[in-house]
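Letter by letter, the chains look like this.
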Amino acid sequence: MSGDDELHFVVDSANADFSDAETIDDDLFGWEAEAEADAEALVDSVDEERFGAARECLESGKPLFMVQRSHQHSSIIPAALNRINALHGNSLNLGVVAPIPRMRPTGQSGIPSFFGNTAIAPIQVADPECFARPDSFGTMLADQRDGKPYAGTSTSGRWPYFNRVLPSGWTAEWVAEVVRTQRDLGATLLLTPGLWMDPADRAGSLRILREHVDWARDEIRDHENLAVNVTIPYTWLTTGRLRDALLAELLDMDEDIYYVRVRWPLLAQPYGQLASTEILDGYVELSSVCEENDKFLILPNTALTGWVALAWGASGLSTGIGTGERSFADTKVIKIKRTTPRPAPTNRTFRRSLLHVVDVDTDALLSSLAGQRACGCEFCRAQTPGLWDKAKSGAHYLLKTAEIVAEASDHSRGRRAGTRSIAREARDFRDSASPVVPLNNANDPKHLDLWLDRLK
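Residues numbered from 1 in each chain as written. Predicted model: local features only at pLDDT ≥ 70, side-chain atom pairs only at ≥ 80, totals over all residues. Heavy atoms only, no water.

### A closer look at the overall build of the chain
So, step 1. Looking only at helices and strands, one finds 19 helices and 12 strands in the chain.
So, step 2. Buried residues in the chain amount to 50% of all 456 residues.
So, step 3. Total accessible area on the chain stands at roughly 21000 Å², and carbon and sulfur atoms take up 48% of it. (Helix = DSSP H or I, 4+ residues; strand = E, 2+ residues; numbered from the N terminus. Buried < 20%, exposed > 50% of the residue type's maximum accessible area, 1.4 Å probe, protein only. Areas by Shrake-Rupley, 256 points an atom, 1.4 Å probe, with all protein chains shown as cover.)

Structure (structure tokens):
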């Protein structure tokens, strides 16, 4: 087929007279300068309080539940966070993530507005996403998306650090610029750049990681929070020598907060969970080693895989409404002729009793089984019969995911036992329901057995 007949879908005080003004006593300007200094001091005080509140979350021992700002349906995120806080604020800490190069610096859809609307979350991350620069992993990302960049130029072009050409390589000043950009936006947890770590250059990648941490630390103020931002392909978790080298590097650093994003292979189900034994085993070791060494490990873009990793020793996870916020995975382009009718979308919802996303027809059948019922959360109750609101469905998913994070954390025998209990209930329900309501293809929660094998 030619490009012209294809549609591609990828599976973002001037009133004073001058002569009079000359006669104004110099003392007045002294008062103005003092007022400006007081205002700056007030801003600094507020910033310190916000960083302090974030630090308390990072030291509290409660799991960190973070929501990624999505390209679509993001306006419902504040309502979801407010509801989560009301129901589970005693059991978990809240955070949000704004992807800098895929958002605007100002305006209603800008990052400061998003942070202002989600101020109930003490942890606010402005992710620089430097891995998506063309001189990092950006070219490969664009190739997977049929030439479309990970961060579109309409937004990424507004961020100098993201586009700055560095002919002599990475510099301390550029890293400082990345940090300052996050600070100026109001983030309370600052990240190092997080460039793509090429497994073919293990030593070079680890050296650059450490250099960027050192340079970022030079820019960080005493009251600010810094996380080491790591972006890696899954082979760093599945290949022994790479995993050992990465863990040794992380443990050798003086830093105590790590934000580790792992590129997964293409998922068989867009809203499914990771079902790779090798990668899950890598997460088990990464999480347990961090816990044993008092490292605060955040796993962004991991959805329920991040939830189960809390039982293995991780401290936080992020997820979101869209599939791109729930996983950082390889993508593919689906091509159809323009003359071919577009297939009707499949409406899906998160089924709490299965720990899985299923289509709404299957969900209705499962709700009719003994002991089951349709979800009664405020977002599901607000759905209009005969229509399907993806924003409300997404908010339902966020609420239910936060629910299981809180429930596992509050378990009388600890987080691991709580996670195992919830996963076992889901597996037992799957086994009893599937003869009546077949759970095939995308409706099959294949991940449950893999989780339980690693929760013994």
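Next, the rest of the story.
### Digging into unusual backbone geometry
So, step 1. You will see that glutamate 129, though not glycine, has its phi angle at about 45 degrees, which is positive.
So, step 2. Summarising the element assignment, glutamate 129 is placed in the loop between strand 4 (123–127) and helix 5 (134–144).
So, step 3. The exposure class assigned to glutamate 129 is buried, which follows from its relative accessible area of 2%.
So, step 4. One non-glycine residue, leucine 355, lies in positive phi territory at about 50 degrees.
So, step 5. Tracing the backbone shows leucine 355 in the loop between strand 11 (348–351) and strand 12 (356–359).
So, step 6. Classification of leucine 355 by relative accessible area gives buried; the value is 0%.

### Digging into the pairing of strand 11
So, step 1. Across 4 bridges, the pairing between strand 11 and strand 12 is antiparallel. When the bridges of strand 12 are listed, arginine 348 appears paired with aspartate 359.
So, step 2. Count of turn residues in the strand 11/strand 12 antiparallel hairpin: 4 residues, of which leucine 355 carries a positive phi of about 50 degrees. (Pairing = 2+ DSSP bridges.)

### Some words on the packing of helix 9 (residues 202–219) against helix 11 (residues 240–252)
So, step 1. Taken N-terminus to C-terminus, the directions of helix 9 and helix 11 make an angle of 20 degrees; their axes are 11 Å apart at the nearest point. Considering their axes alone, helix 9 and helix 11 lie roughly parallel with respect to each other. Between helix 9 and helix 11 lies a crossing whose hand is right-handed. Residue-level inspection shows Arg202, Leu206, Leu209 and Arg210 of helix 9 in contact with helix 11, the latter providing Arg241, Leu242, Ala245, Leu246, Glu249, Leu250 and Asp252. (Axes fitted to C-alpha atoms, helices over the stretch in contact; angles between N-to-C directions. Parallel < 35°, antiparallel > 145°, perpendicular 65-115°, else oblique. Left-handed = near helix turned anticlockwise from the far one by under 90°. Contact = heavy atoms within 4.5 Å.)

### Some words on the side chain of arginine 420
So, step 1. If you trace the backbone, arginine 420 turns up in helix 18 (residues 415–433).
So, step 2. Glutamate 425 provides the closest opposite charge to the buried, unpaired arginine 420, separated from it by 11 Å.
So, step 3. Within polar-contact distance, the side chain of arginine 420 engages the backbone oxygen of leucine 455 at 2.7 Å.
So, step 4. Not counting residues up to four positions away in its chain, the partners in contact with arginine 420 are Arg413, Leu452, Leu455 and Lys456. (Lys, Arg positive; Asp, Glu negative; His and termini not counted. Salt bridge = Lys/Arg side-chain N within 4 Å of Asp/Glu carboxyl O. Polar contact = N/O pair within 3.5 Å; in protein donor to acceptor, adjacent residues only side chain to side chain.)

### Things to note about the sheet that holds strand 6 (residues 226–233)
So, step 1. As summarised here, the arrangement of the 8 strands in space is 4-3-2-9-8-7-6-5, forming an open sheet in which the pairing is parallel. Only two strands of the sheet have a single neighbouring strand rather than two, namely strand 4 and strand 5 (190–191).
So, step 2. Taken together, the 3 bridges between strand 7 (residues 257–263) and strand 8 (residues 296–299) define a ladder with parallel strand orientation. Counterpart to tyrosine 258 in the pairing with strand 8 is leucine 297.
So, step 3. Contacting strand 7 and strand 8, helix 12 (residues 277–292) crosses the sheet at an angle of about 150 degrees to strand 8.

### Focus on the pattern of salt bridges
So, step 1. Going through the model one piece at a time under the given rule, you end up with 28 salt bridges.
So, step 2. With its nearest N and O atoms 2.6 Å apart, the salt bridge here joins glutamate 129 to arginine 102. Of this pair, glutamate 129 sits in the loop between strand 4 and helix 5 while arginine 102 sits in the loop between strand 3 (93–99) and helix 4 (111–117), placing them 27 residues apart in sequence.
So, step 3. Two residues, glutamate 403 and lysine 400, come together in a salt bridge whose shortest N-O distance is 3.1 Å. With glutamate 403 and lysine 400 both in helix 17 (residues 390–409) and 3 residues apart, this pair spans about one turn of that helix.
So, step 4. Sharing partners across several salt bridges, the network here consists of Glu173, Arg180, Arg183, Glu219 and Glu224.

### Structural notes on helix 17
So, step 1. End to end, helix 17 covers 29 Å across 20 residues, agreeing with the expected 28 Å (1.5 Å per residue, within 8%).
So, step 2. When you tally the buried positions in helix 17, you get 15 out of 20 residues, the bulk of the element.
So, step 3. Where helix 17 starts, the residue carrying a side-chain oxygen 2.9 Å from the main-chain nitrogen of alanine 391 turns out to be aspartate 389. (Expected span 1.5 Å × (residues − 1).)

### Comments concerning the nonpolar core
So, step 1. Of all hydrophobic cores here, the largest spans 107 residues; its most connected members are Trp307, Leu355 and Trp451.
So, step 2. With near-sequence residues (within four places) excluded, tryptophan 451 lies in contact with Gln273, Leu280, Leu304, Thr305, Trp307, Val308, Leu355 and Ala423.
So, step 3. In this structure, Leu58, Val97, Ile123 and Ile257 belong to the second largest nonpolar core, which totals 15 residues. (Core = buried A, V, L, I, M, F, W, Y, C linked by side-chain atoms within 4.5 Å.)

### Overview of the confidence of the model for the chain
So, step 1. When pLDDT is averaged along the chain, the result is 91; 89% of the residues meet or exceed 70.
So, step 2. Of the regions scoring below 50 in pLDDT, residues 11–25 engages in 8 contacts with residues more than four places distant in sequence or in other chains. (pLDDT = per-residue confidence, 0-100.)

### A short note on the packing of aromatic side chains
So, step 1. Following the criterion strictly, the structure yields 9 aromatic pairs and no others.
So, step 2. Consider the rings of tyrosine 161 and phenylalanine 162, whose centres lie 6.2 Å apart with planes at 85 degrees: the pair is edge-to-face. Each member of the pair, tyrosine 161 as well as phenylalanine 162, is classed as buried.
So, step 3. Three or more aromatic residues joined by ring pairs make a cluster, and in this case those are Phe131, Tyr150 and Phe328.
So, step 4. Here arginine 326 stacks its cationic end above the ring of tyrosine 397, 3.5 Å away from the centre of that ring. (Phe/Tyr/Trp six-rings, centres within 6.5 Å; stacked < 30°, edge-to-face > 60°. Lys NZ or Arg CZ within 6 Å of the ring centre and 35° of its normal.)

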